[in-house]
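Residue-level structure breakdown
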Amino acid sequence: MKKSENFNAPTHCLKTGKLNNRRWLLKSSMLLLMVFCNVSIMFGQSTNKEIIGKITDSFGFGIPGVNISLKSTTIGTVSDIDGNYSISANPENVIVYSFIGYTTQEILVGDQTTINVIMTEDALSVDEVVVIGYGVQKKSVVTAAISSIKGEDIEKTSTGLLEQALQGKSAGVSILPTSGAPGAGVKIRIRGVGSNGNSSPLYIVDGMKTGAIDNIEPADIESVEILKDAASAAIYGNEGANGVLIITTKSGKGKKNEINYNFSYGIQSISTKAEMMNAQEYMQFQTEAGNSINDDSGVDTNWIDEVSENASIQKHYLSFAGGSDKTSYMLSGSYIDQDGAIGGSNANFERFTTRINLKSEMKEWLDVGVNMSYSHQTRRTISEDDEYRGIMNNVLLADPLSPVFDSNNAGWVSPSGKAYGKSKYVTGEIQNPAAFIEMSNNKFTVDKVLGMAFASLKPAKGLTITSRIGLDLAYNTQNRWAPIYNFSTEQKNETTNVEDNIDKYYTWLWENFASYSTTFGDHDFTFLAGTAAEKYVHPNYYLKSGPMVKEGSNYAYHDYTLDDTQDRTGGKIEENTKNSYFGRVSYNYAGKYMAEATLRYDGHSNLAEGNKWDTFPSISIGWLASEEDFWKSDVINYLKLRASWGQNGSVANTPGFEDREFWQSGLRYPNPTGGLFTGGTRVEKAVNTDLRWEKSEQTNIGAEVRAFNSKLTFAADYYEKTTKDLIVTGETAPSVGNNANPMINGGNVSNKGFDFELGYKDNFDGLEFSINLNLATVKNEVTSLTRNTPVPGAEVRSTKLTWFEQGEPIWYYKGYKTNGINPANGSINIVDVNGDGEITSDDMTNIGSPHPDLIFGANLNLAYKGFDFAVFMQGTSGNENYMAWFRNDRPYSNKPAYFFTDRWTQAGDIASMPKPDNSSDDLYRSDLMVKDASYIRIKQIQLGYNIPKKYLNKLHLSKLRTFVSLDDFFTFTKYPGLDPEAGTDRNDSQGIDRGVYPSIKKVMFGFSVGL
């Protein structure tokens, strides 16, 4: 860090000497000026001195980034990562210490050379950093359930995806990976699954709504606010039913010019406890099942080991930030390159992002700014989540007696000459997974622009009028092709085709709103009113052609195919518009009694006339009891009680055109006068002109406590959320003659539970210590269904497995309940649920649920003399997975090792698994396939070291930190599959394990440097 100087005497003197052009006067002036300059320099050196010190909070934690300046000058600096600083000053100078969230302090230098400062929290300032819809709010007067996650809690994670970095950070927020593969997305659920369809929250990034946040670099994040209850989300009306994530990215305001670079590199490997039968176990199991195998080849292939590898991941992040009292800027770029621990480069994820955030106070009454980002990402994938043709499914089911390579029985020879063998025993689609990984050519490319430009007028004290316009534009393409191969009748490709899917997502949003704050004595009011208009357009195009002129990605283009008669094209467009009016009134009296009311009126083009518009209200109240005169507790220094009620809508599952008839022509029907058929037309689907919004109604009661001088913090909430008018497929009589049934408002679902957050931090003789815990409970139940029959969901091997049924959890598993293994003959004891003396499909009942009873997270942070250590874990309890990868129609397919070790072998055995039997389907339709998927995962163990400031000064650096980390390295679970977080992107298939890409563990190291 450079020392600051307040007077450049030589330059000043030289400029003064140029006032007279006469030669003799110039010489005289130069001589006098040289003397004056030397005196000035000597005086400056004799009076200025270096002031050093450390800035800490009330717990002794060093505070980085504190602004330190000499009052009435432009001289300043900032504290380093440990809170240390130095500045040149004279005894008459006053040093000003300021930082968002803390009271500004001014200290006269005098004869001091070391000034250590303890910053105290400023309630008004610290509350301002809580972002709410269309504004900010003091934390002490927040009456809704809002969780806040700071950027520093996200930045240290190794993942390049923001949504994955949020996992385990907030009570009541479930992050469900769709896959463990590089670049795979997640499904975020706030306070349970609120719909039979899409239950994802609304994402708001710097004021602009967006459909996905996988384009945002975690290091760009300033904060993430999660609006969990109806009162906080009601301002977003028909899109707030599933909660809201408000994401604020970094700016450069109040900072000196800074350059930061972060680098990390790691080695990845799969993290799984799944164990399949080896060759000996497989042969014995098959023999006992009646399929005698005598194989003396000595082959014993562990397919999980064969397809997995050590893979690399690297991340780079560079940012430039700075600002003044009037203008701020932040420019950043990031790059991540991650190969797959299964699939290598054929499961690669690569992304580049760039961001620019600008804000300027053009006039005292006018602020303008823009937040804009661009990202380009490519993702190569291998097939999974498919019980028939998924590569991960084949990894589990391929027999161990078949070698990876077999030149005498090859199904495909790679361009490099590797002859991949066919399966020796398993038939059908189940074939060599290593071959299909290498021949996989499935590439997704996404280019996305997300931005918001705004102007804010301040025509009067307390009044701010804002107009902002945003754009969310994404181009998604998928290109795939496959070479010619022949492993079996069911698993072969006789021609090379090229397929492309092209999607364009375009949303513009224009919002205009005014906020007015005023105070009358102890009465504080804030009023908000605004309007919004938006348009969404999503065209889709499908292209297919073949055969390719030559195998290879360089030839996977439609101009290079040979037969125009094989060309296929298709496409559709989705388009809708929305208009909104919204308002909010916030009130608090003396900082003790708070109330807030919100109202939003939304109209959407997807619904019929009469149902296009709806109103979404909310109200909340709060009481800061610890501010009362009677509050005398020396232990509890802060207690706030709050309650809220509100309604939110969901447009995510609302189909368009349900009120319109679409006629289908070219139909044939019997002619009553003869045996001929006559052409005709019909309405393709019955209409429903009464389709309404899905609407969520939620009540929340909460309390916030700080104790022991705020070292201990605790928050608890109880909520009841009911989502009404869920959209399901209706029922019509077959005699109506329609090809499809209309969508109807057909049911309600309830989620209720508790959210708890507990934290403690302290300082013990220089050891900084903090621990944070969060835990949430949830009970999910379908409380009503207007259909006469339950709604079927996901299908596994031609049988409906998940169901939407009154009195049950949403999309629960339905199958046979068992009562142990018959010790006499080793068969399964299936429970006769209906008591009719027979075992039929009528005996199928609830055998499990994918919804956890508990979700939790915890992190521990220690810091001592430049070293920092962090442990972060998260997990779930009570959720169950259905192991659906089995194929009883392929009797020679492999099975988990516990099928062998836990099987019944002779009369009298008390076993947990039946005798080997490849023909019965009872096992695979029963609760024996439902397994406890509870787990605890140590997401991160990280050790870091901050280079001391005395060395940084010599290197002209503001910070330099190095670290090593174990990420996702340890998982504790009883689940026997590849991963207890069996992911899927299908809403009705959560928890169904068809063979998924498992989570990846990483050994990471890296450094962060600042200039």
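Residues numbered from 1 in each chain as written. Predicted model: local features only at pLDDT ≥ 70, side-chain atom pairs only at ≥ 80, totals over all residues. Heavy atoms only, no water.

Looking at the sheet that holds strand E14 (residues 208-210)
Strands in a sheet are paired, the pairing made by backbone hydrogen bonds, and the direction either parallel or antiparallel. A sheet is described by the order of its strands in space; here five strands give the open sequence E10-E15-E16-E13-E14, paired in mixed fashion. One side of each edge strand has no neighbouring strand; the edge strands of this open sheet are strand E10 (146-150) and E14. Strand-to-strand twist of the sheet, defined as the mean angle between neighbouring strand axes without regard to direction, takes the value 25°. Summarising the sheet, strand E13 (residues 202-205) and strand E16 (residues 244-249) pair through four bridges and their orientation is parallel. Bridging from a neighbouring strand, Leu202 pairs with Val244 of E16. (Pairing = 2+ DSSP bridges. Helix = DSSP H or I, 4+ residues; strand = E, 2+ residues; numbered from the N terminus. Axes fitted to C-alpha atoms, helices over the stretch in contact; angles between N-to-C directions.)

Thoughts on the sheet that holds strand E7 (residues 117-118)
Across the sheet, three strands lie side by side as E4-E1-E7; this open sheet has mixed pairing. The open sheet has two edge strands with one neighbour each: strand E4 (84-89) and E7. Bridge count between strand E1 (residues 49-56) and E4: six bridges; the pairing is antiparallel. Looking at E4, one finds that Ile52 is bridged to Ser86.

Re the domain arrangement of the protein
Each assigned domain of the protein is listed here: domain 1 (49-118), domain 2 (129-249) and domain 3 (258-322 + 330-408 + 421-660 + 670-811 + 850-879 + 933-1010). Taken over C-alpha atoms, the centre of domain 2 sits 11 Å from the centre of domain 3. Listed per partner, the contact involves 80 residues of domain 2 and 121 residues of domain 3. Both faces combined, the contact of domain 2 with domain 3 buries some 7500 Å², and carbon together with sulfur accounts for 48% of it. The tally of links between domain 2 and domain 3 comes to 62 residue pairs in polar contact (both at pLDDT 80 or more). When contributions to the side of domain 2 that touches domain 3 are tallied by element, the ones reaching two or more residues are strand E9 (135-137), strand E11 (173-177), strand E12 (186-190), E14 and helix H6 (230-233). Per element, the largest residue contribution to the side of domain 2 that touches domain 3 is five residues, and it comes from E11. (Domains from an automatic or database assignment. Contact = heavy atoms within 4.5 Å. Buried area = accessible area lost by both parts, 1.4 Å probe. Polar contact = N/O pair within 3.5 Å; in protein donor to acceptor, adjacent residues only side chain to side chain.)

Re helix H7 (residues 279-288)
Considered for burial, the residues of H7 that qualify are Ala279, Glu281, Tyr282, Met283, Phe285 and Gln286. Buried-residue contacts for H7 involve helix H11 (897-901). The N-capping residue of H7, defined by a side-chain oxygen 3.2 Å from the backbone nitrogen of Gln280, is Asn278. (Buried < 20%, exposed > 50% of the residue type's maximum accessible area, 1.4 Å probe, protein only.)

Focus on the UniProt feature "domain: TonB-dependent receptor plug" (unreviewed entry) in the protein
Look at the UniProt record and you will see "domain: TonB-dependent receptor plug" (unreviewed entry) annotated at residues 141-244. The span residues 141-244 is 12% helix and 29% strand, and its two end C-alpha atoms sit 20 Å from each other. (UniProt positions renumbered as here; feature names shortened; annotations may be inferred.)

Description of the nonpolar core
Counting residues in hydrophobic clusters, the biggest one holds 67 residues, and the most contacted among them are Ile342, Phe487, Tyr882, Phe899, Leu923 and Met929. Of all the secondary-structure elements, those providing two or more residues to this core are H7, helix H8 (303-307), helix H9 (391-397), helix H10 (433-438), strand E47 (828-830), strand E51 (880-883) and H11. No other element matches the five residues that H9 contributes to this core. In terms of nonpolar packing, the next biggest core, distinct from the first, is built from 37 residues, Leu162, Ile213, Ile226 and Leu509 among them. (Core = buried A, V, L, I, M, F, W, Y, C linked by side-chain atoms within 4.5 Å.)

Thoughts on the pairing of strand E31 (residues 593-604)
The pairing of strand E30 (residues 561-589) with E31 spans 12 bridges and is classified as antiparallel. By the bridge assignment for E31, Asn588 is matched with Met594. Between E30 and the antiparallel strand that follows it, E31, lie three residues; Ala590 among them carries a positive phi value of about 55°. In this structure, E31 lies alongside strand E32 (residues 613-624), joined through 11 bridges in antiparallel fashion. Residue pairing across strands places Glu596 opposite Ser620, the latter belonging to E32.

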